[in-house]
Each structure stands twice: as structure tokens, then as C-alpha cells.
Amino acid sequence: MVYVMLQSDWTDSNGVSHLAGDSVDVDAATLATLQAQGIVSEQSGGGSKDGTEWVGPGSTTNWVGPGSATP
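Residues numbered from 1 in each chain as written. Predicted model: local features only at pLDDT ≥ 70, side-chain atom pairs only at ≥ 80, totals over all residues. Heavy atoms only, no water.

**Some remarks on the overall build of the chain**
Going by this rule: A run of H or I in DSSP counts as a helix once it spans at least four residues, and a run of E counts as a strand once it spans at least two, with each numbered from the N terminus. Burial here depends on accessible area, computed with a 1.4 Å probe over protein chains only, as a share of the maximum for the residue type. Under 20% is buried, over 50% is exposed, and the range in between is partly exposed. Here a residue-residue contact requires only that any non-hydrogen atoms of the pair lie within 4.5 Å. Each accessible area is a Shrake-Rupley result for a 1.4 Å probe, and residues are judged covered by the shown protein chains and nothing else.
Across its full length, the chain holds one helix and four strands. Taken from N to C terminus, the helices and strands of the chain fall in the order β-β-β-β-α. When burial is assessed residue by residue, the chain has 25% of its 71 residues classed as buried. Taking contacts inside the chain between residues at least 6 apart in sequence as the whole, the part at least 24 apart equals 34%. Of the accessible surface of the chain, which amounts to about 4,900 Å², a share of 54% is contributed by carbon and sulfur atoms.

Next up, the structure:
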């Protein structure tokens, strides 16, 4: 599963509507479909609507998890 931020409104296969800017957890096949439709795209960094910073694809934020140089 992958956690992504929507670039436009989307209704999932269960009929649940999600608004642009919402973050959702999707499987790889759904992610590919959403990317092909332009509903999600790679992020270029910056904050999200809840004030947390995007650290996914395209982010300039350094990894701070296991194996990172940050103590």
C-alpha cells in the first residue's frame, strides 16, 4: 500500500468520495490508474494541508529513518 495525496477529487471503488488534497492509502495498481488519470502526481516537496511535510517521491527532505545519518 502507498499513501498518496490527491491532486483532484476521486471516488474510490467503495463509493467513498475523497477531495483534492486528501491523502489516501492505495495499492500499486490503483496508484498506477490514478497517475494515468492525473489524479495523483509526484510531489515536489512542501507542506500538506495538515502542516506535515511531504517526504515521498520528488521530496527534497532527507530520510531520517533507519540507516540515516541523522541521530
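There's more to say after this.
**With respect to the side chain of Asp22**
Short version of the rule: N or O atoms closer than or at 3.5 Å make up a polar contact, with two conditions inside protein: a donor-capable atom paired with an acceptor-capable one, and, for residues adjacent in sequence, both atoms drawn from side chains.
Structurally, the position occupied by Asp22 is in the loop between strand 3 (17-18) and strand 4 (23-26). At a separation of 2.8 Å, a polar atom in the side chain of Asp22 contacts the main-chain amide nitrogen of Leu19.

**Digging into the nonpolar core**
For the record, the criterion: We define a nonpolar core as any set of buried Ala, Val, Leu, Ile, Met, Phe, Trp, Tyr and Cys residues linked to one another through side-chain atoms lying within 4.5 Å.
Core analysis: the biggest nonpolar cluster contains nine residues, these being Val4, Leu6, Trp10, Val24, Val26, Leu31, Leu34, Ile39 and Val40. For this core, the secondary structure elements donating two or more residues are strand 4 and helix 1 (28-36). Contact partners of Val40, with chain neighbours within four places excluded, come to Val4, Met5, Leu6, Gln7, Leu31, Leu34 and Gln35.

**Concerning the confidence of the model for the chain**
Heads up, the rule is: Known as pLDDT, the predictor's confidence for each residue is given on a scale from 0 to 100.
Per-residue pLDDT for the chain has a mean of 75; in total, 56% of the residues score no lower than 70. No element of the chain has a lower mean pLDDT than strand 1 (residues 2-5), which averages 87, and none a higher one than strand 2 (residues 10-11), which averages 95. Scored below 50 in pLDDT, residues 43-49 shows 18 contacts in the model against residues more than four places distant or in partner chains.

**Regarding helix 1**
An α-helix turns once every 3.6 residues. As a result, residues three or four positions apart point the same way. Between the side-chain oxygen of the N-cap and the backbone nitrogen of Ala29 there are 3.2 Å, and the N-cap of helix 1 in question is Asp27. Looking at the residues trailing helix 1, positive phi occurs at Gly38, about 75°.

**Looking at the environment of Val16**
Checked against the element boundaries, Val16 lands in the loop between strand 2 and strand 3. Assessed through its relative accessible area of 41%, Val16 is described here as partly exposed. Apart from the residues within four sequence positions on either side, Val16 is in contact with Trp10 and Thr11.

**Some remarks on the pairing of strand 4**
Within a regular strand, side chains alternate between the sheet's two faces. Basically, it comes down to this: Only strands that DSSP links by at least two bridges are regarded as paired with each other.
Because side chains alternate across strand 4, one face comprises the buried residues Val24 and Val26, and the other comprises Ser23 and Asp25, none of which is buried. Bridging between strand 1 and strand 4 involves four bridges; their strand directions are antiparallel. By the bridge assignment for strand 4, Val4 is matched with Val24.

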